[in-house]
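An overview of the molecular structure
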Amino acid sequence: AQKITQTQPGMFVQEKEAVTLDCTYDTSDQSYGLFWYKQPSSGEMIFLIYQGSYDEQNATEGRYSLNFQKARKSANLVISASQLGDSAMYFCAMRGRIGGFKTIFGAGTRLFVKA
Amino acid sequence: DAGVIQSPRHEVTEMGQEVTLRCKPISGHDYLFWYRQTMMRGLELLIYFNNNVPIDDSGMPEDRFSAKMPNASFSTLKIQPSEPRDSAVYFCASSFGRLGNTIYFGEGSWLTVV
């Protein structure tokens, strides 16, 4: 079975500081993909970043980077230089061959950026 | 390019009524997913299709829920009869191919059953 765990229901960060959102996963797949999505208060789901299980380098997209530690089965999202607009819900997700390529999501972490 | 299009955006209905949610995936995408989001249960995968064929419907909560995908450009999620506990945001999402391709979400259908 596949599972995504996000243990931080809520996080606070000061504007302009960096923040790490935790994500651990469980799978017996050898080949899988990990994703992060942002859901602002308006409700839409916005894709942020992707990491493949065979990618040797950590993924980066602008201020977002993914700290991928395969042996620990963790895929933490790092947001650098936080902005007020980063206040939102953040979801970690996984897609794997064993799961039939369906995408499953963690419970999410609500991030609050303080001015 | 148009994204995933869902309708209606908002629906308020009375308990016992039939509700039909509609989705048009991104053209060329071969996977389509229906998710439900609530405060209590988070984002749950209800059912997904590959090339219009239902692959896994284990997340469909009850027989009151059904989903169809008659062609590559259209899918429906039907609730009959609806109950107040079905109140949620229902997202449709689509993707092309498999692992490395992200899924793209529609804006969601906000359902309230009173």
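Residues numbered from 1 in each chain as written. Chains lettered and ligands numbered in written order. Predicted model: local features only at pLDDT ≥ 70, side-chain atom pairs only at ≥ 80, totals over all residues. Heavy atoms only, no water.

1. So, the overall build of chain A
Convention followed: The secondary structure listing takes helices from DSSP runs of H or I that are at least 4 residues long and strands from runs of E that are at least 2 residues long, numbered from the N terminus. Atoms counted for the radius of gyration: C-alpha only. Globule rule: 2.2 Å times the number of residues to the power 0.38.
Of the regular secondary structure elements, chain A holds 0 helices and 12 strands. Order of helices (α) and strands (β) in chain A, N terminus to C terminus: β-β-β-β-β-β-β-β-β-β-β-β. Relative to the compact-globule value of 13 Å for 115 residues, chain A shows a C-alpha radius of gyration of 14 Å, a close match. In terms of its C-alpha atoms, chain A occupies a principal-axis envelope of roughly 45 × 30 × 20 Å.

2. Looking at the interface of chain B and chain A
The condition is simple: Working rule for contacts: check all heavy atoms of both residues, and any pair within 4.5 Å makes them a contact. Defined here as a combined quantity, buried area equals the accessible surface (1.4 Å probe) lost by two parts on assembly, summed across both. The salt bridge definition used is simple: a Lys or Arg side-chain nitrogen within 4 Å of an Asp or Glu carboxyl oxygen. Here a polar contact is recorded for every N or O atom pair within 3.5 Å, except that within protein the pair must consist of a potential hydrogen donor and a potential acceptor, and residues adjacent in sequence are included only if both atoms are side-chain atoms.
Each partner contributes residues to the interface: chain B has 19 residues there, and chain A has 21 residues. Of the roughly 1,700 Å² buried between chain B and chain A on both sides combined, carbon and sulfur atoms contribute 59%. Here chain B is connected to chain A by 1 salt bridge. Where Lys102(A) meets Asp56(B), a salt bridge forms, and the shortest distance between an N and an O atom there is 3.0 Å. The interface formed by chain B and chain A contains 6 residue pairs in polar contact (both at pLDDT 80 or more).

3. Describing the state of the cysteines
Quick note on the threshold: Cysteine sulfur atoms that pair up within 2.5 Å are treated as a disulfide. Relative accessibility decides the category of a residue: with a 1.4 Å probe and only protein chains considered, values under 20% of the type maximum give buried, values over 50% give exposed, and everything between is partly exposed.
Tallying each qualifying case throughout the model produces 2 disulfides over all chains. The disulfide bridge from Cys23(A) ends at Cys92(A), spanning 2.0 Å between sulfur atoms. Note on the Cys23(A) and Cys92(A) pair: the S-S dihedral is about -65°, so by sign convention the disulfide is left-handed. Placement of the pair is Cys23(A) in the loop between β3 (19–21) and β4 (24–26) and Cys92(A) in strand β10 (residues 88–96), with a sequence separation of 69 residues. Here Cys23(B) connects covalently by a disulfide to Cys92(B), the sulfurs 1.9 Å from one another. With the S-S dihedral at roughly -70°, the linkage between Cys23(B) and Cys92(B) falls on the left-handed side. In this pair, Cys23(B) sits in strand β3 (residues 19–24) while Cys92(B) sits in strand β9 (residues 88–95), placing the two residues 69 residues apart along the sequence. Considered together, Cys23(B) and Cys92(B) belong to a single accessibility category, that of buried residues.

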